[in-house]
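Residue-level structure breakdown
So the chains spell out like this:
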Amino acid sequence: MNDVKVVVLGSDNVGKSALIVRYLTKRFIGEYASNSDSLYRKRLSVDGRQMNLEIFDPCSQLREGRTGLGDQVQWADGFLIVYDISDKASFLAAQSLVYRIKESHQELYKSDAHPMLCLVGNKQDLCHAREVEEEEARLFALECRAQFCELSAAEQSTEVSAMFARLLRATLEYSRDRRRHSGSKSMAKLINNVFGKRRQSV
Ligand SMILES: Nc1nc2c(ncn2[C@@H]2O[C@H](COP(=O)(O)OP(=O)(O)OP(=O)(O)O)[C@@H](O)[C@H]2O)c(=O)[nH]1
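Residues numbered from 1 in each chain as written. Predicted model: local features only at pLDDT ≥ 70, side-chain atom pairs only at ≥ 80, totals over all residues.

Quick look at the overall build of the protein chain
- For the protein chain, the count of helices and strands is six helices and seven strands.
- Starting at the N terminus, the α and β elements of the protein chain follow one another as β-α-β-β-α-β-α-β-α-β-α-α-β.
- Looking at the protein chain as a whole, 38% of its 202 residues are labelled buried.
- Considering only contacts in the protein chain between residues 6 or more positions apart, those separated by 24 or more positions represent 77%. (Helix = DSSP H or I, 4+ residues; strand = E, 2+ residues; numbered from the N terminus. Buried ≥ 20, exposed ≤ 12 C-beta atoms within 10 Å, placed from the backbone. Contact = placed C-beta atoms within 7 Å.)

Here it is in structure tokens:
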């Protein structure tokens, strides 16, 4: 069985929880509690490969607290960085997150290997209020060797599933290599240290 761990980051209100819940349940609920960290766990199959997926959705208010970015980089096999296409500030914040994750990854692994990243422009249904051009975001992702897509958690269940499947496929390969170079014992310890929080099964 393969284990894959993904952290979802981005500014407040960009739709991080909506994307996760859409992927795991195919539903869009609209409003989500955002006052605590959440760890979603699901056993699933991608391309016939079974995996135990864990998705960590850190609480905005705690983001700079208990679970620092360094801890998350050490824990995660992949990152989903979300912005809202109708909110330029959220795109700038996503860019800053990408840079910080890459820096932290380099410091931690002392190598030029790249972290597994996917940049997602959410709320595509609000394109009449667009503040971030798709091309600008695509180019940024290309420069940073990140996957990229624009979609709407509210309206596009198939696209959300396809985006996660693409990330998980790439992350699966990446996580195998990474575990080969890091002790699974220390990873288990890190999870317990870092994520003393609610765990959710969907
Ligand atoms: N129009 C539109 N609204 C969306 C979409 N995705 C999420 N929303 C709305 O955006 C708001 C924030 O969604 P959340 O999923 O709670 O966002 P979040 O990033 O997890 O927010 P925090 O937990 O505060 O960091 C909610 O009102 C959602 O209904 C989308 O694709 N389109």
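Still to come is the rest of the account.
Examining the nonpolar core
- If you look at the biggest cluster of nonpolar residues, it comprises 47 residues, and the most contacted ones within it are Ile81, Leu119 and Val120.
- The set of elements that each furnish at least two residues to this core consists of β1 (2–10), α1 (16–25), β3 (49–57), β4 (78–84), α3 (88–109), β5 (116–122), α4 (134–143) and α5 (157–180).
- Residue contacts for Val120: discarding those within four places in its chain leaves Leu19, Leu80, Ile81, Val82, Cys149, Leu151 and Met163. (Core = buried A, V, L, I, M, F, W, Y, C linked by C-beta atoms within 7 Å.)

Points about the pairing of β1
- Pairing analysis gives six bridges linking β1 to β3, with the strands arranged parallel. Each residue of the ladder has a partner; that of Val4, found in β3, is Leu53.
- Of the strand pairs in this sheet, β1 and β4 are connected by five bridges, and their pairing is parallel. Paired with Gly10 across the two strands is Val82, which belongs to β4. (Pairing = 2+ DSSP bridges.)

Some remarks on α3
- Along its 22 residues, α3 runs 32 Å from first to last C-alpha, staying within 8% of the 32 Å computed at 1.5 Å per residue.
- Among the residues of α3, Ser90, Phe91, Ala94, Leu97, Val98, Ile101 and His105 are the ones counted as buried. Each buried residue of α3 lies within a common arc of 110° when the element is viewed along its axis, so the set occupies one face. Of the exposed residues in α3, those oriented more than 90 degrees away from the buried face are Ala89, Ser96, Tyr99 and Glu107.
- Taken together, the buried residues of α3 touch β1, α2 (69–75), β4, β5 and α4.
- Lys110 sits one or two residues past α3 and shows a positive phi near 45°. (Expected span 1.5 Å × (residues − 1). Arc of directions from axis to C-beta.)

Some points on the environment of Arg169
- Considering the arrangement of structural elements, one finds Arg169 in helix α5.
- We classify Arg169 as partly exposed; it has 14 C-beta atoms within 10 Å.
- Each C-alpha atom of the pair Arg169 and Val4 lies 9.8 Å from the other, and the pair is 165 residues apart in sequence.

A closer look at unusual backbone geometry
- Non-glycine residue Lys26 carries a positive phi angle of around 70°.
- Residue classification places Lys26 among the exposed positions, given that 11 C-beta atoms sit within 10 Å.
- The backbone of Asp47 shows a phi angle near 55°, a positive value even though the residue is not glycine.
- Relative to the helices and strands, Asp47 is located in the loop between β2 (38–46) and β3.

Examining the environment of Gly68
- In this structure, Gly68 sits in the loop between β3 and α2.
- The partly exposed category is assigned to Gly68, around which 14 C-beta atoms lie within 10 Å.

Topic: the pairing of β2
- Pairing between β2 and β3: nine bridges, direction antiparallel. From the neighbouring strand, Lys42 faces β3, where its bridge partner is Leu53.
- Taking the residues between adjacent antiparallel strands as the criterion, β2 and β3 are bridged by two residues, where Asp47 takes a positive phi near 55°.

Overview of the confidence of the model for the protein chain
- When pLDDT is averaged across the protein chain, the result is 85; 82% of the residues are at 70 or more.
- Predicted confidence is poor over residues 183–187, with pLDDT under 50, and the contacts of this stretch with residues over four places away or in other chains come to two contacts. (pLDDT = per-residue confidence, 0-100.)

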